[in-house]
Amino acid sequence: MISLIQRVSEARVWVDGQVVGEIGPGLLVLACAERGDTEAGVERLLAKILKLRIFSDEAGKMNRSVQDLDGQGRPGGLLLVSQFTLAADCSSGNRPSFTQAAAPEDGRRLYEHLVQRARASHGEVATGIFAADMKVQLINDGPITIPLRMV
């Protein structure tokens, strides 16, 4: 699974003019299942996301994870959004190819597994809607944006 992780002050997802998911300070995670991805890979990705030390401590060093924003155990939000276009291959021609993206039914199953495992292990989890036409609004904090792929 490939993801793009953004540290945010706030983020929300809109579908058909309605907010379907939103968080305050935390991580916006755009996620794409690729061919050959497994539930075990999804779980490794989530474990890495939850432990990434990309939030600042009192000294301004990136030493805190989304599970401990303030050093006192207060977790930040996690907004999970499916985005198959992360699998784009632009190496040939001008139109991206998405052949590396998982088939829609596999992508949905793996995205739902990611959401289910995140909700089981993290306090505040919001989501977009799989395969919907979504509008994502965010304030990138830093900016901190990290691509992450786990197989």
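Residues numbered from 1 in each chain as written. Predicted model: local features only at pLDDT ≥ 70, side-chain atom pairs only at ≥ 80, totals over all residues. Heavy atoms only, no water.

Q: Would you explain helix α1 (residues 39-51) in this entry?
A: Spacing of three or four residues puts side chains on the same side of an α-helix, whose turn is 3.6 residues. Compared with the 18 Å implied by 1.5 Å per residue over 13 residues, the 19 Å span of α1 between its first and last C-alpha is a close match. By the burial criterion, the buried members of α1 are Gly41, Val42, Leu45, Leu46, Ile49 and Leu50. Residues of α1 that are buried sit in contact with β1 (2-15), β3 (26-32), β6 (77-82), α2 (104-121) and β8 (134-149). (Helix = DSSP H or I, 4+ residues; strand = E, 2+ residues; numbered from the N terminus. Expected span 1.5 Å × (residues − 1). Buried < 20%, exposed > 50% of the residue type's maximum accessible area, 1.4 Å probe, protein only. Contact = heavy atoms within 4.5 Å.)

Q: Sorry if this is basic, but what is going on with unusual backbone geometry here?
A: Negative phi characterises most residues that are not glycine, and trans characterises most peptide bonds. Cis rather than trans, the peptide bond between Gly142 and Pro143 has omega equal to 0°. You can see Pro143 is positioned in strand β8. Phi is positive for Asp16, which is not a glycine, with a value near 50°. Residue position: Asp16 is located in the loop between β1 and β2 (18-23). Despite not being glycine, Ala131 has its phi angle at roughly 65°, a positive value.

Q: Help me understand the environment of His113, please; the structure alone is not making it clear to me.
A: For His113, the location among the structural elements is in helix α2. Between the alpha carbons of His113 and Glu39 there is a distance of 6.9 Å; along the sequence they are 74 residues apart. The residues touching His113, leaving out its near neighbours within four places in the chain, are Glu39, Val42 and Glu43.

Q: How do you make sense of the nonpolar core when you look at a structure like this?
A: Note on soluble globular proteins: their nonpolar side chains tend to be buried together. Counting residues in each nonpolar core, the largest one holds 29 residues, and the members touching the most others are Met1, Ile5, Leu27, Ile49, Leu78 and Leu80. Filtering out sequence-adjacent residues up to four positions away, Leu78 remains in contact with Ile23, Leu27, Val29, Leu46, Ile49, Leu50, Ala118, His122, Glu124, Val125 and Ala126. One finds Val13, Leu30, Leu79 and Val81 within the second-largest nonpolar core, a separate group that totals 11 residues. (Core = buried A, V, L, I, M, F, W, Y, C linked by side-chain atoms within 4.5 Å.)

Q: Even after reading the chapter, I still don't get the pattern of salt bridges, so can you show me in this structure?
A: Oppositely charged side chains can pair when the atoms bearing their charge come close. Evaluation of the coordinates by the stated rule reveals 9 salt bridges. Here Arg109 ties to Glu39 by a salt bridge, and the two come within 2.4 Å at their closest N and O atoms. Pair noted here: Arg109 is in helix α2 and Glu39 is in helix α1, with a separation of 70 residues, a long-range link. When its relative accessible area of 36% is taken as the criterion, Arg109 is described as partly exposed. You can call Glu39 partly exposed: its relative accessible area is 30%. When the shortest N-O distance is used, the salt bridge between Arg74 and Asp70 registers 3.6 Å. Several salt bridges converge on common partners, so that one network encompasses Glu10, Arg12 and Glu22. (Salt bridge = Lys/Arg side-chain N within 4 Å of Asp/Glu carboxyl O.)

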